[in-house]
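What follows is each chain in one-letter form.
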Amino acid sequence: RVQFQEEDRSGSRSYDPGVRALEGAVAGFEKYFPDAVNLLYSVTTRLLPAENYRQSARRLHEACDKFYRTVWTVHTNHSPGTLPLDELGGLVKRYSREFAEIFPCHDDFEAKSYELLCRAPKETRRGVFRYTRERLGYMLRGTEALRVLTQRICAERIGFYTELAEAAERKKGLSRETIFAGR
């Protein structure tokens, strides 16, 4: 890809693919991750203490959706589009097997709880009250584990892109400060 490594006709230096990947990953992380953390925080500090189980389930679903989108976007530099939660979870498993262990379904209780988490927007709109404190506890533990894993996996990938960008820029004779000044 010579076009990224040469100066364009206006005389300014174009970014190489490593820098573009880094910028896309950081932008994707900043787009979804803070919102997901805020949703999780609202559940733990406001909704669960008030025993608002319907809204808690819905917010946990939204938080999981945003955590999965964060991982996908950091790795691919594009949004996965509108997909069900279980499909999003399936997409990100390719980046770490640990995602398969976030919501274990070893028994009927866990399987049903995960199913209800995936269907939370639909179920809460219909007014179905099948959410219990125990089920929400399972959902909350999984969502918190997903937050931790998402943060770690994305930090590793952004670190990888940073190394690529720095190596490419060192070849061109640019410093780290120059790389990040363009962000």
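Residues numbered from 1 in each chain as written. Predicted model: local features only at pLDDT ≥ 70, side-chain atom pairs only at ≥ 80, totals over all residues. Heavy atoms only, no water.

### Thoughts on the overall build of the chain
Here is step 1 of the chain: Counting secondary structure elements, the chain contains eight helices and zero strands.
Here is step 2 of the chain: Secondary structure elements of the chain occur, N-terminal to C-terminal, as α-α-α-α-α-α-α-α.
Here is step 3 of the chain: Per-residue burial over the chain gives 45% buried out of 183 residues.
Here is step 4 of the chain: Of the contacts formed within the chain by residues at least 6 apart in sequence, a portion of 64% connects residues at least 24 apart. (Helix = DSSP H or I, 4+ residues; strand = E, 2+ residues; numbered from the N terminus. Buried < 20%, exposed > 50% of the residue type's maximum accessible area, 1.4 Å probe, protein only. Contact = heavy atoms within 4.5 Å.)

### Looking at the pattern of salt bridges
Here is step 1 of the chain: Per the stated rule, a full pass over the model turns up eight salt bridges.
Here is step 2 of the chain: Here Arg58 makes a salt bridge to Glu62, at a shortest N to O gap of 3.7 Å. Remark: Glu62 and Arg58 occur in helix α3 (residues 53-76); sequence separation between them is four residues, near one turn of the helix.
Here is step 3 of the chain: Relative accessible area serves as the criterion here: at 24%, Glu62 is assigned to the partly exposed category.
Here is step 4 of the chain: A salt bridge links Glu144 to Arg147, with the nearest nitrogen and oxygen atoms 2.6 Å apart. With a gap of three residues between them, Glu144 and Arg147 both fall in helix α7 (residues 133-172), about one helical turn apart.
Here is step 5 of the chain: Given a relative accessible area of 31%, Glu144 falls into the partly exposed group.
Here is step 6 of the chain: One salt-bridge network, in which partners are shared between bridges, spans Arg58, Arg59 and Glu62. (Salt bridge = Lys/Arg side-chain N within 4 Å of Asp/Glu carboxyl O.)

### Here we look at the confidence of the model for the chain
Here is step 1 of the chain: Per-residue confidence for the chain averages 84 on the pLDDT scale, and 84% of its residues sit at or above 70.
Here is step 2 of the chain: Low confidence marks residues 1-13, where pLDDT is under 50. Its contacts with residues over four positions away, or in another chain, come to 14 contacts. (pLDDT = per-residue confidence, 0-100.)

### Points about the state of the cysteines
Covalently bonding the sulfur atom of one cysteine to the sulfur atom of another cysteine gives a disulfide.
Here is step 1 of the chain: One pass over the full model with this rule turns up zero disulfides.
Here is step 2 of the chain: Between Cys64, a free cysteine, and Cys118, which holds the nearest cysteine sulfur, the sulfur-to-sulfur gap is 8.2 Å. (Disulfide = S-S within 2.5 Å.)

### A few points about the packing of helix α2 (residues 17-47) against α7
Here is step 1 of the chain: Two numbers describe how α2 lies on α7: the axes approach to 10 Å, and their chain directions differ by 160°. As summarised for this structure, α2 and α7 are arranged roughly antiparallel, according to the angle between their axes. The two elements α2 and α7 cross, and the hand of that crossing is left-handed. Contacts from Gly18, Val19, Ala21, Leu22, Ala25, Val26, Phe29, Phe33, Val37, Leu40, Val43 and Thr44 in α2 reach Leu140, Thr143, Glu144, Arg147, Thr150, Gln151, Cys154, Ile158, Tyr161, Thr162, Ala165 and Glu169 in α7. (Axes fitted to C-alpha atoms, helices over the stretch in contact; angles between N-to-C directions. Parallel < 35°, antiparallel > 145°, perpendicular 65-115°, else oblique. Left-handed = near helix turned anticlockwise from the far one by under 90°.)

### Some thoughts on the packing of aromatic side chains
Here is step 1 of the chain: Inspection of the entire model under this criterion finds eight aromatic pairs.
Here is step 2 of the chain: An angle of 75° between the planes, with centres 6.4 Å apart, marks the rings of Phe109 and Tyr138 as edge-to-face. Here Phe109 is found in helix α5 (residues 108-118), whereas its partner Tyr138 is found in helix α7, with 29 residues between them in sequence.
Here is step 3 of the chain: Assessed through its relative accessible area of 33%, Phe109 is described here as partly exposed.
Here is step 4 of the chain: Put simply, the rings of Phe103, Phe109, Tyr114 and Tyr138 pair up and form one aromatic cluster. (Phe/Tyr/Trp six-rings, centres within 6.5 Å; stacked < 30°, edge-to-face > 60°.)

### Structural notes on unusual backbone geometry
Here is step 1 of the chain: With a phi angle near 60°, Glu51 is a residue other than glycine that sits in the positive phi range.
Here is step 2 of the chain: Looking at the element boundaries, Glu51 is found in the loop between α2 and α3.
Here is step 3 of the chain: What makes Glu51 exposed here is its relative accessible area of 52%.
Here is step 4 of the chain: For Asn77, which is not glycine, the phi dihedral falls at a positive 65°.
Here is step 5 of the chain: Counting through the fold element by element, Asn77 comes out in the loop between α3 and α4 (85-92).

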